[in-house]
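# A closer look at the structure
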Amino acid sequence: MKVLAMQMRRELWEHRSLWIAPLLVALLLLGGVATLGRIQFYEGPARPAVANSPFQLMLLGWGVPFYLAAGVVVVVYLLDCLYGERRDRSILFWRSMPVSDTETVLAKLLVGLVVVPYATFALAALTSAIASAILALRHHVLVNGQIAPLWDTLTWLRMQGVMLYGLTVLLLWYAPYAAYLMLASAWARRSPYAWAFVPPVLLAMCENMVFGTNYLGRIVERGFNQVLRLAFNLNQQLAYSIGDAVPLPRSPAGGGTRPPAGGGVTELLLSPQLWLGLLAAALMLLLVIRLRRYRDDA
Amino acid sequence: MASIVEVHGLTKRFGSLLALDQVSFNVSAGRIFGLIGRNGAGKTTLLKAILGLTTYQGSVRVFGLEAARDRAALMSEICFIADTGVLPRWLRVDHAIDYVEGVHPRFDRARAEAVLAGTAIPRRGRIGELSKGMITQLHLALILAIDARLLVLDEPTLGLDLIYRRQFYDTLLSDYLDKERTILLTTHQVEEVENLLTDVLFIDHGRVVLDAAVEDLPRRFLQLEVAVGKREAARALKPFYSREVFGRPVMLFENQPRELLAELGEVRAPAIGDLFVAKLSAAAGPAAAAAAAGEAA
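Just so we're clear, the structure is a prediction, and the values are computed from it rather than from any experiment.

Attention now moves to the overall build of chain A. The helix and strand inventory of chain A stands at 13 helices and two strands. Taken across its 298 residues, chain A has 31% of its residues classed as buried. The contacts in chain A between residues at least 6 apart in sequence include a share of 81% that link residues at least 24 apart.

Here is the structure:
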């Protein structure tokens with residue numbers, strides 16, 4: 001356990017962008033919130049607050065730049081994490097320590113799929129609370145001429161729950177892509193980027209030209225879509241799952257109290273795509289461990 | 001004495017290239033074992049096999065463990081310095097110490113700090129900012145602070161200036177005398193480690209050319225500076241190597257009685273470097289001899 005923890009610290013020493021990028025987003029956003037706009041105290045008669053959906057939307061939107069930044073640096077990290085050590089031959093130093101290849105690969109995976117995403121989540125949650133406090137001081141958000149509240153602890157907690165769930169689902173769903181990126185990193189002699197992006201596209205194009213079919217394309221779309229374009233595009237079923245699991249309030253009167261409709265989590269856990277994806281991830285990771293263990297081109 | 005490293009029938013191919021060909025030898029505990037060979041002779045491949053860093057045919061047992069299978073377990077007992085290039089350039093010096101302390105159960109931080117205190121290495125500097133000599137000093141400080149039974153050094157002083165090379169071997173030797181260690185090192189700068197070694201293994205084109213204890217060498221090998229007029233008589237005793245030095249023939253003999261040779265000129269034990277050149281040339285013919293002579297110089 002101590003070894004694994006040190007192995008993960010070592011990753012954060014090497015790939016500083018993993019923690020700098022989310023922190024930078026936090027600083028920029030908070031700076032923006034604190035300096036833009038003007039302070040305007042509401043002086044009219046007290047009016048009942050309406051829907052807190054602007055607050056919810058703000059919370060959702062607040063997380064987006066954090067996850068985009070984290071997503072980009074994690075992809076770059078996963079592609080470099082097993083290639084860089086071979087490129088600079090430092091793998092000979094790392095492998096001269098009593099750390100198994102399994103521990104090393106596991107530490108890298110955990111950094112990319114657990115440490116950075118959940119730390120980013122915590123950072124986004126914390127800063128959203130700070131930003132709300134600043135905004136409450138500086139602005140009034142009006143909806144239909146009525147003041148919308150900028151803070152509601154229960155809503156905040158619930159939204160964090162939604163995002164934590166969504167994040168976990170995304171991570172499980174995208175685990176095979178993370179494993180594939182690590183495989184490209186462990187495999188490539190020159191450019192892990194080429195290995196990550198070119199073969200799926202080429203194979204799909206060849207299939208389409210030769211057989212006129214698009215089976216591979218569909219697998220690629222499902223399996224490697226993150227690599228090409230779906231990093232910014234929620235999978236249909238996934239969006240459905242999230243939506244159903246922790247619904248956003250649809251009417252002001254609802255106030256976000258509608259009980260979760262059953263089926264989201266269960267459906268997801270029962271979906272073969274999820275489990276096949278995780279199985280593929282596990283197999284690719286085994287291959288990654290073997291590659292690191294038996295390759296000696298450093 | 002117990003063998004720490006037992007290599008038997010070790011063969012390694014890279015495609016059509018036979019890098020190691022049926023190599024067999026043992027390393028006993030407490031020895032300083034020198035693997036000597038030209039560039040590309042197979043030294044590094046052999047070390048990698050011993051360290052479990054490559055696949056191979058045959059058997060390589062280190063502390064009773066099969067190297068290729070049990071690398072991680074083995075690395076608690078072994079320390080390894082490849083050459084100056086392998087410490088990652090982005091790593092900070094204090095982080096390097098933190099890291100080894102975090103993953104190595106036998107690391108003694110105070111000892112590493114003590115060795116580093118005698119150097120000009122900045123604690124918070126990155127390795128990429130250090131000179132080659134400093135990187136080697138740092139690596140040695142990290143490695144010597146690990147209480148490992150076997151130290152493996154692959155061309156550890158490559159590219160260093162004379163002062164750093166001397167310092168390196170002085171530190172290494174005083175540490176060796178303090179502790180129960182076995183050292184396995186490769187080099188092609190034979191003359192530098194000549195007085196350090198207790199055993200030598202000459203390797204050429206993946207084959208073992210000589211495997212001997214240094215203390216046995218003077219009994220086994222003799223160098224004769226042939227006296228004027230004795231050339232033919234000396235040649236009749238079948239030297240395995242012969243060259244001219246300042247117009248006088250110098251010949252090397254294996255297993256010839258010293259008294260017999262003494263009648264033909266001046267006899268002494270050959271330096272390991274000379275023996276290396278002679279053995280390699282005898283194994284490969286005159287073209288290789290010239291190349292090996294250049295190498296040893």
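Turning our attention to the packing of helix H1 (residues 2-14) of chain A against helix H3 (residues 93-103) of chain B. Packing of H1(A) against H3(B) leaves a shortest axis separation of 8 Å and a crossing angle of 160°. Comparing their axes, H3(B) and H1(A) come out roughly antiparallel. Crossing handedness for the pair H1(A) and H3(B): left-handed. Taken together, the residues of H3(B) that come into contact with H1(A) (itself represented by A:Lys2, A:Val3, A:Met6, A:Arg10 and A:Trp13) are B:His95, B:Tyr99, B:Gly102 and B:Val103.

Residues and elements named next belong to chain B. Spatially, E2-E1-E4-E5 is the arrangement adopted by the four strands of the open sheet, whose pairing is antiparallel. Looking along the sheet, the strands with just one partner apiece sit at the ends: strand E2 (17-28) and strand E5 (65-66). In the sheet, strand E1 (residues 3-14) pairs with E2 via eight bridges, with the strands oriented antiparallel. In the sheet register, Phe14 faces E2, and the bridge partner there is Leu17.

Bringing the confidence of the model for chain A into the picture now. Residue and element names in this part refer to chain A. Per-residue confidence for chain A averages 77 on the pLDDT scale, and 70% of its residues sit at or above 70. Mean pLDDT across the elements of chain A bottoms out in helix H10 (residues 225-228) (37) and peaks in H1 (95). In this model, residues 223-263 is a region of pLDDT below 50 whose contacts with residues beyond four sequence positions or in other chains number 50 contacts.

It is worth spelling out the domain arrangement of chain B at this point. All names here are of chain B. Each domain of chain B was delimited in the assignment, giving domain 1 (3-205) and domain 2 (215-296). If you look at the interface, domain 1 gives nine residues, while domain 2 gives eleven residues. Taken together, the elements giving at least two residues each to the side of domain 1 that touches domain 2 come down to helix H7 (190-193) and strand E9 (199-204). By residue class, the composition of the side of domain 1 that touches domain 2 is four nonpolar, one polar and four charged.

All names here are of chain B. Taken together, six strands build an open sheet; the order of strands is E6-E7-E8-E3-E9-E10 and the sheet is mixed. Bordering the open sheet on either side are strand E6 (78-81) and strand E10 (207-213), each of which pairs with just one other strand. Within this sheet the neighbouring strands show an average axis-to-axis angle of 15°, counted without direction. By the bridge criterion, four bridges tie E6 to strand E7 (residues 150-154) in an arrangement that is parallel.

Next up on the list: the interface of chain B and chain A. Counting residues at the interface gives 22 residues for chain B, matched by 19 residues for chain A. Examining the composition of the side of chain B that touches chain A, we find that five residues originate from one element, H3(B), more than from any other. Taken together, the residues of the side of chain B that touches chain A sort by class into 13 nonpolar, seven polar and two charged.

Rules and cut-offs
- Residues numbered from 1 in each chain as written.
- Chains lettered and ligands numbered in written order.
- Predicted model: local features only at pLDDT ≥ 70, side-chain atom pairs only at ≥ 80, totals over all residues.
- Helix = DSSP H or I, 4+ residues; strand = E, 2+ residues; numbered from the N terminus.
- Buried ≥ 20, exposed ≤ 12 C-beta atoms within 10 Å, placed from the backbone.
- Contact = placed C-beta atoms within 7 Å.
- Axes fitted to C-alpha atoms, helices over the stretch in contact; angles between N-to-C directions.
- Parallel < 35°, antiparallel > 145°, perpendicular 65-115°, else oblique.
- Left-handed = near helix turned anticlockwise from the far one by under 90°.
- Pairing = 2+ DSSP bridges.
- pLDDT = per-residue confidence, 0-100.
- Domains from an automatic or database assignment.
- Nonpolar A, V, L, I, M, F, W, Y, C, P; charged D, E, K, R; others polar.

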